[in-house]
Amino acid sequence: MPARSLLDVDDLSPAELVAVLDRAVAFRNALPPRDLLAGVPVLNLFFEASTRTATSFTLAEQRVGADVISFAPGASSLGKGETIADTALTLYGIGVRVIVVRHQESGFARRLADAFEGHVVNAGDGTHAHPTQALLDLMTLRQEFGRFDGLRVAIVGDILHSRVARSNIHLLSAMGSRVRVIGPPTLIPAEAPKLGVEVFHDMRAGLQGADIVMMLRLQKERMQKSLVPSAREYFRFYGLDAAKLAAAKPDALVMHPGPMNRGVEIDSAVADDPVRSVIKEQVEMGVAVRMAVLDTLSRTYRRNVA
Ligand code: NCD
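Notes on the structure follow. (Residues numbered from 1 in each chain as written. Predicted model: local features only at pLDDT ≥ 70, side-chain atom pairs only at ≥ 80, totals over all residues. Heavy atoms only, no water.)

Things to note about the nonpolar core
And then number 1: Core analysis: the largest hydrophobic core is formed by 59 residues, its most contacted members being Leu37, Val121, Leu135, Ile155, Leu171 and Val293.
And then number 2: By residue number, the principal contributor to this core is helix H11 (residues 279-305), which donates nine residues.
And then number 3: Not counting chain neighbours up to four residues away, the residues in contact with Val293 comprise Leu6, Val20, Val121, Thr132 and Leu135. (Core = buried A, V, L, I, M, F, W, Y, C linked by side-chain atoms within 4.5 Å. Buried < 20%, exposed > 50% of the residue type's maximum accessible area, 1.4 Å probe, protein only. Helix = DSSP H or I, 4+ residues; strand = E, 2+ residues; numbered from the N terminus. Contact = heavy atoms within 4.5 Å.)

This is how it looks when you write it as structure tokens:
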């Protein structure tokens, strides 16, 4: 039986999702035992740039006592033409039991998980999924609102290229929240209505009644051609400033997965507003959520080998 992986949010049942959040809260209040994953070799394989995700995974792994291996995949044999299957076999043979992977190709995490006998945790694959980000967003929402049911969440900006948006749409909808997406037609995926979300192209109309405004970066590195006129023009229509935020509920909260492009999708005054912005809180949840995910998956591993 292959070990359990977290490739997207639907790899966990709603009950398991709540259990992961509970465990993350417990780990945030009191650090877990240092030996939770003692002796388990965990490999961080980041083919794409990352600041908060890579750092918080590494810290989470260290805090649960794993044997952490981080290496730049540019130096790996994949670049020499080795197949993913052979790489997976080699890594397992060396002793690696968990791989945390980020890759620019959608579906890469699944391909690796299909070939690897240990656990794979998807730290972002192309435009497809970023489950631990969605989990830490959920943890932030639970802390702020104490519920998900009936919450109105507006996700704004470059939905087309955002794995954060996709994982959040799935997760929040599964938890009973009502999700809308707002952006220019060029940045809204054609399949959006099929995902069960409402689509808006006008920011003020889309923000009406929203409890949460989740802003996204323009992911230029994923755009084949220019899909927005200019940063200034984009900000005028879709950049979140105090005036546009006034269209949402009076106490609506602002989120952003980072990295932020201030002045492009969000105004500094809103991003740094200590009352309305929970962007700092999101970052703070990252280590605890990732410790809880590693713990949950590795328990399955221990059970499997027993
Ligand atoms: C996001 C990502 O890499 O998908 N960042 C993150 O992990 N917090 C969002 C982005 O790149 O804009």
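Concerning the sheet that holds strand S1 (residues 41-46)
And then number 1: Strand order in the open sheet formed by four strands is S2-S1-S3-S4, and the pairing between neighbours is parallel. Two strands bound the open sheet, and with one partner strand each, they are strand S2 (67-70) and strand S4 (119-125). Across the sheet, the mean angle from the axis of one strand to that of its neighbour is 15°, orientation sign disregarded.
And then number 2: Here strand S3 (residues 98-103) pairs with S4 via five bridges, running parallel. Note that in S4 the partner of His103 across the bridge is Asp125.
And then number 3: On the sheet, helix H2 (residues 52-63) packs against S1, S2, S3 and S4 and is oriented at approximately 175° with respect to S1. (Pairing = 2+ DSSP bridges. Axes fitted to C-alpha atoms, helices over the stretch in contact; angles between N-to-C directions.)

A word on the site of the ligand
And then number 1: Close to the ligand lie Arg52, Thr53, Arg102, His130, Gln133, Arg163, Val164, Arg217, Gln219, Pro257, Gly258 and Pro259.
And then number 2: Within the side chain of Arg163, an N or O atom sits 2.7 Å from an oxygen atom of the ligand.
And then number 3: A distance of 2.7 Å is found between an oxygen atom of the ligand and a side-chain nitrogen or oxygen belonging to Arg217.
And then number 4: For the ligand, whose free accessible area comes to 320 Å², the fraction covered by protein is 94%.
And then number 5: Class assignment for the residues of the shell around the ligand results in three nonpolar, five polar and four charged.
And then number 6: For the shell around the ligand, the domains that each give at least three residues are domain 1 (9-128 + 284-305) and domain 2 (131-281). (Near = heavy atom within 4 Å. Polar contact = N/O pair within 3.5 Å; in protein donor to acceptor, adjacent residues only side chain to side chain. Areas by Shrake-Rupley, 256 points an atom, 1.4 Å probe, with all protein chains shown as cover. Nonpolar A, V, L, I, M, F, W, Y, C, P; charged D, E, K, R; others polar. Domains from an automatic or database assignment.)

With respect to helix H6 (residues 163-174)
And then number 1: The terminal C-alpha atoms of H6, which comprises 12 residues, lie 17 Å apart, in line with the 16 Å expected from a rise of 1.5 Å per residue.
And then number 2: Most of H6 is tucked away: nine of the 12 residues are buried.
And then number 3: Every buried residue of H6 is listed here: Arg163, Val164, Ala165, Arg166, Ser167, Asn168, Ile169, Leu171 and Leu172.
And then number 4: Where H6 begins, the capping side chain belongs to Ser162, and its oxygen is found 3.3 Å from the backbone nitrogen of Val164.
And then number 5: A positive backbone phi angle near 95° is found at Gly176, which sits one or two residues after H6. (Expected span 1.5 Å × (residues − 1).)

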